[in-house]
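Okay, here's what each chain looks like letter by letter:
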Amino acid sequence: QQQVKQSPQSLIVQKGGISIINCAYENTAFDYFPWYQQFPGKGPALLIAIRPDVSEKKEGRFTISFNKSAKQFSLHIMDSQPGDSATYFCAASTPAAGNKLTFGGGTRVLVKP
Amino acid sequence: GAGVSQSPRYKVAKRGQDVALRCDPISGHVSLFWYQQALGQGPEFLTYFQNEAQLDKSGLPSDRFFAERPEGSVSTLKIQRTQQEDSAVYLCASSLAGGGLGETQYFGPGTRLLVL
């Protein structure tokens, strides 16, 4: 059972454009929602994270929007740059499960110059 | 400062061989996680340690997989009698404490295992 569904699988955006990645979860016990960025040959690195008590969190060009009632959250990358080309994973966890991360399937983002 | 390190970075094994993958977490980190990442997929949880105690091994796919962290720092993931379906990247992550609300997990670069 895939508990975190991510879309799209891939997207292409022009430099300066906005990249939007969506995730939906099923387990209402999840209470921590991080986004990870992964470059080829590297491990995932935390980009930004949110808890369900807030609806939006912004850090630089990256914004998470969170809709608790819909059990959905999304990542917006503003002013996309070629260096943002990577695979992005949403994830979710709960202390009840030892904080192990349940990941979405990933979105490969390509930013064209 | 040093991050999470893993060795070897690449491992080629013949089907039926045993392999051992090592993870050195960030110094002082209590929690350690192993994940398996198939090509083009998101990482999937394998097992979790808090210090030397293995608190969750629900993600280990079979009894051929075994993990340990005897002194609460370095961890080893062992796969016995490797099969082709074991081919994947094995990621290790550590976090500072354990049991509290979501903490940042810091990932190593992974070990890419190819079973021929």
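For the structure given in this document, a descriptive report is provided here. (Residues numbered from 1 in each chain as written. Chains lettered and ligands numbered in written order. Predicted model: local features only at pLDDT ≥ 70, side-chain atom pairs only at ≥ 80, totals over all residues. Heavy atoms only, no water.)

### Focus: the overall build of chain B
Our working definition: Strands here are runs of E lasting at least two residues and helices are runs of H or I lasting at least four, both read from the DSSP assignment and numbered beginning at the N terminus. Using C-alpha atoms as the atom set, the radius of gyration is obtained and then compared with a globule rule of 2.2 Å times the number of residues to the power 0.38.
Summing up its helical and strand segments, chain B has zero helices and eleven strands in all. Along chain B, helices (α) and strands (β) appear in the sequence β-β-β-β-β-β-β-β-β-β-β when read from the amino end. Taking 2.2 N^0.38 as the reference for a compact globule, 116 residues should give roughly 13 Å; the C-alpha atoms of chain B span a radius of gyration of 13 Å, in line with that estimate. When its C-alpha atoms are laid out on the principal axes, chain B stretches across 40 × 30 × 25 Å.

### Some points on the interface of chain B and chain A
A common way to express how large an interface is: the accessible area buried when the components associate. Our working definition: Contacts are assigned to residue pairs with any non-hydrogen atoms lying within 4.5 Å of each other. Counted as salt bridges are all cases of a side-chain nitrogen of Lys or Arg within 4 Å of a carboxyl oxygen of Asp or Glu. Two N or O atoms count as a polar contact when they lie within 3.5 Å, although within protein this holds only if one can serve as hydrogen donor and the other as acceptor, and sequence-adjacent residues are included solely when both atoms are side-chain atoms.
Between chain B and chain A, the residue contacts involve 23 residues of the former and 21 residues of the latter. Linking chain B to chain A there are one salt bridge. Close ionic contact of B:Asp56 with A:Lys100 constitutes a salt bridge, the shortest N to O distance being 3.2 Å. The tally of links from chain B across to chain A stands at seven residue pairs in polar contact (both at pLDDT 80 or more).

### Concerning the sheet that holds strand S8 (residues 75–79) of chain B
Residue and element names in this part refer to chain B. Put simply, the rule reads: Each pair of strands is called paired provided DSSP finds at least two bridges between the two strands. Convention adopted: a line fitted to C-alpha atoms gives each axis, helices being fitted over their contacting stretch, and angles between N-to-C directions are expressed from 0 to 180 degrees.
As summarised here, the arrangement of the four strands in space is S1-S3-S8-S7, forming an open sheet in which the pairing is antiparallel. Only two strands of the sheet have a single neighbouring strand rather than two, namely strand S1 (5–7) and strand S7 (65–68). Shown here is a sheet whose adjacent strand axes are inclined to one another by a mean of 15°, direction ignored.

### With respect to the sheet that holds strand S3 (residues 19–25) of chain A
All names here are of chain A. Taken in spatial order, the five strands make up an open sheet running S1-S3-S8-S7-S6, and their pairing is antiparallel. In this open sheet, the two strands that pair with only one neighbour each are strand S1 (4–7) and strand S6 (56–59). Between one strand axis and the next, the sheet turns by 15° as a mean value, whatever way the strands run. The sheet contact formed by S6 and strand S7 (residues 62–67) spans four bridges and is antiparallel. Pairing of Lys-58 across the sheet is with Thr-63, part of S7.

### A word on the side chain of B:Thr76
All names here are of chain B. The following threshold applies: Using a 1.4 Å probe on the protein chains alone, a residue whose accessible area is under 20% of its type maximum counts as buried, one over 50% counts as exposed, and one in between counts as partly exposed.
Inspection of the secondary structure assignment puts Thr-76 in strand S8. On the basis of relative accessibility, which here comes to 19%, the residue Thr-76 falls in the buried class. Excluding its chain neighbours within four sequence positions, the residues that come into contact with Thr-76 are Ala-20, Leu-21, Trp-34, Phe-66, Ala-67 and Glu-68.

### Thoughts on the nonpolar core
Defined as follows: Throughout, nonpolar core names a set of buried Ala, Val, Leu, Ile, Met, Phe, Trp, Tyr and Cys residues whose side chains join them through atoms within 4.5 Å.
A:Phe33, A:Trp35, A:Phe73, A:Leu75 and A:Tyr88 are the most contacted members of the largest nonpolar core, which has 24 residues in total. When contributions to this core are tallied by element, the ones reaching two or more residues are strand S2 (10–14), S3, strand S4 (33–38), strand S5 (45–50), S7, strand S8 (72–77), strand S9 (86–92) and strand S11 (107–112) of chain A. The biggest single contributor to this core is S9(A), with four residues. In terms of nonpolar packing, the next biggest core, distinct from the first, is built from 20 residues, B:Leu46, B:Ile79, B:Ala88 and B:Leu113 among them.

These figures capture arrangement, not role.
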